Amino acid sequence: MLSEIEIPTRGPGLVEFTDRARDGLPARDGLLTLFVRHTSCSILVQENADPDVRRDLQAWAERLVPHADDPGMTFLRHRAEGPDDMPAHIRAAHLPVSLSIPVMAGRPLLGTWQGIYLWEHRSRPHLRRVARHFA
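Bear in mind the structure is a predicted one, so any value in this text is a computation, not a measurement. (Residues numbered from 1 in each chain as written. Predicted model: local features only at pLDDT ≥ 70, side-chain atom pairs only at ≥ 80, totals over all residues. Heavy atoms only, no water.)

**Section: the overall build of the protein chain**
Piece 1. Each helix and strand in the protein chain was counted, giving three helices and eight strands.
Piece 2. Element order for the protein chain, N to C, with α for helix and β for strand: β-β-α-β-β-α-α-β-β-β-β.
Piece 3. A principal-axis box enclosing the C-alpha atoms of the protein chain has dimensions of 55 × 30 × 20 Å.
Piece 4. Here the protein chain, with 135 residues, has 40% of them falling under the buried criterion.
Piece 5. Partitioning the intrachain contacts of the protein chain with sequence separation of at least 6 by distance along the chain shows that 79% fall at a separation of at least 24.
Piece 6. Surface accessibility of the protein chain: about 7,500 Å² in total, with carbon and sulfur atoms responsible for 54%.
Piece 7. Distance between charge centroids for the protein chain: 4 Å, based on 17 positive and 17 negative side chains. (Helix = DSSP H or I, 4+ residues; strand = E, 2+ residues; numbered from the N terminus. Buried < 20%, exposed > 50% of the residue type's maximum accessible area, 1.4 Å probe, protein only. Contact = heavy atoms within 4.5 Å. Areas by Shrake-Rupley, 256 points an atom, 1.4 Å probe, with all protein chains shown as cover. Lys, Arg positive; Asp, Glu negative; His and termini not counted. Charge placed at Lys NZ, Arg CZ, Asp CG, Glu CD.)

Written out as structure tokens, the structure reads:
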């Protein structure tokens with residue numbers, strides 16, 4: 001089974017799409033593979049109970065890789081789409097762009113507090129596409 005999930009974002013931050021990732025999975029065992037088709041966002045499994053986790057992750061990313069207009073980032077050349085352009089690529093280079101999740105009887109084997117997220121690294125909204133394969 002091969003399909004694609006479209007995920008609208010509102011700017012930087014984590015957007016949970018666990019339910020959409022598991023929708024329509026056959027009631028059998030297998031492996032779900034997710035692959036984000038962009039170079040300035042990531043996907044990951046993360047806690048879905050406390051929203052402070054998502055806020056803290058975003059604050060950490062902004063501190064680790066600030067926008068190109070930050071005085072410490074003057075070495076960056078790639079600014080074609082604004083000061084968030086290259087920092088978004090750097091974040092995506094260090095974070096997952098694909099996931100493999102075991103599935104049992106049609107249900108992803110995620111932990112109690114785990115959710116599947118797209119992490120938008122750009123400042124403005126985007127429509128992101130995640131390829132979904134189940135075998």
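**Brief notes about the sheet that holds strand β4 (residues 41–47)**
Piece 1. If you walk across this open sheet you meet the three strands as β2-β7-β4, and the pairing is antiparallel. The open sheet has two edge strands with one neighbour each: β2 (13–16) and β4. Sheet twist, expressed as the average angle between the axes of neighbouring strands with direction ignored, equals 35°.
Piece 2. Packed onto the sheet, helix α2 (residues 51–64) meets β2, β4 and β7 (114–120) and runs at close to 35° relative to β7. (Pairing = 2+ DSSP bridges. Axes fitted to C-alpha atoms, helices over the stretch in contact; angles between N-to-C directions.)

**A word on the nonpolar core**
Piece 1. Phe17, Leu34, Ile43, Leu118 and Val130 are the most contacted members of the largest nonpolar core, which totals 17 residues.
Piece 2. Secondary structure elements with two or more residues in this core: β1 (2–8), β3 (30–36), β4, β5 (98–104), β7 and β8 (127–134).
Piece 3. Excluding residues that lie within four positions of it along the chain, Leu118 makes contacts with Ile7, Thr9, Gly13, Leu14, Val15, Phe17, Val36, Cys41, Ser42, Ile43, Arg128 and Val130. (Core = buried A, V, L, I, M, F, W, Y, C linked by side-chain atoms within 4.5 Å.)

**Observations concerning the environment of Met1**
Piece 1. Along the chain, Met1 turns up in the segment before β1.
Piece 2. Between the alpha carbons of Met1 and Leu32 there is a distance of 9.5 Å; along the sequence they are 31 residues apart.
Piece 3. Among residues more than four places away in sequence, those in contact with Met1 are Gly24, Leu25, Pro26, Arg132, His133 and Phe134.

**So, the pattern of salt bridges**
Side-chain pairs of opposite charge can arise where the charged atoms are in close proximity.
Piece 1. On inspection of all chains with the given rule, the structure shows nine salt bridges.
Piece 2. Ionic pairing is found between Glu6 and Arg129, a salt bridge with its closest N-O pair at 3.2 Å. Residue Glu6 is located in strand β1, and its partner Arg129 is located in strand β8; the two are separated by 123 residues in the primary sequence.
Piece 3. With relative accessibility at 35%, the residue Glu6 sits in the partly exposed group.
Piece 4. When its relative accessible area of 28% is taken as the criterion, Arg129 is described as partly exposed.
Piece 5. A salt bridge links Arg122 to Asp85; its shortest N-O distance comes to 3.7 Å. Here Arg122, found in the loop between β7 and β8, pairs with Asp85, found in helix α3 (residues 85–94); they are 37 residues apart in sequence, far enough to count as distant. (Salt bridge = Lys/Arg side-chain N within 4 Å of Asp/Glu carboxyl O.)

**So, the sheet that holds β8**
Piece 1. Read across the sheet, five strands follow the order β1-β8-β3-β5-β6 without closing on themselves; strand pairing throughout is antiparallel. With partners counted over all chains shown, the strands left at the sheet margins are β1 and β6 (107–108), one partner each.
Piece 2. Two elements, β3 and β8, share five bridges in a ladder whose sense is antiparallel. Opposite Leu32, over in β8, you have Phe134 as the bridge partner.

Geometry only, nothing functional implied.
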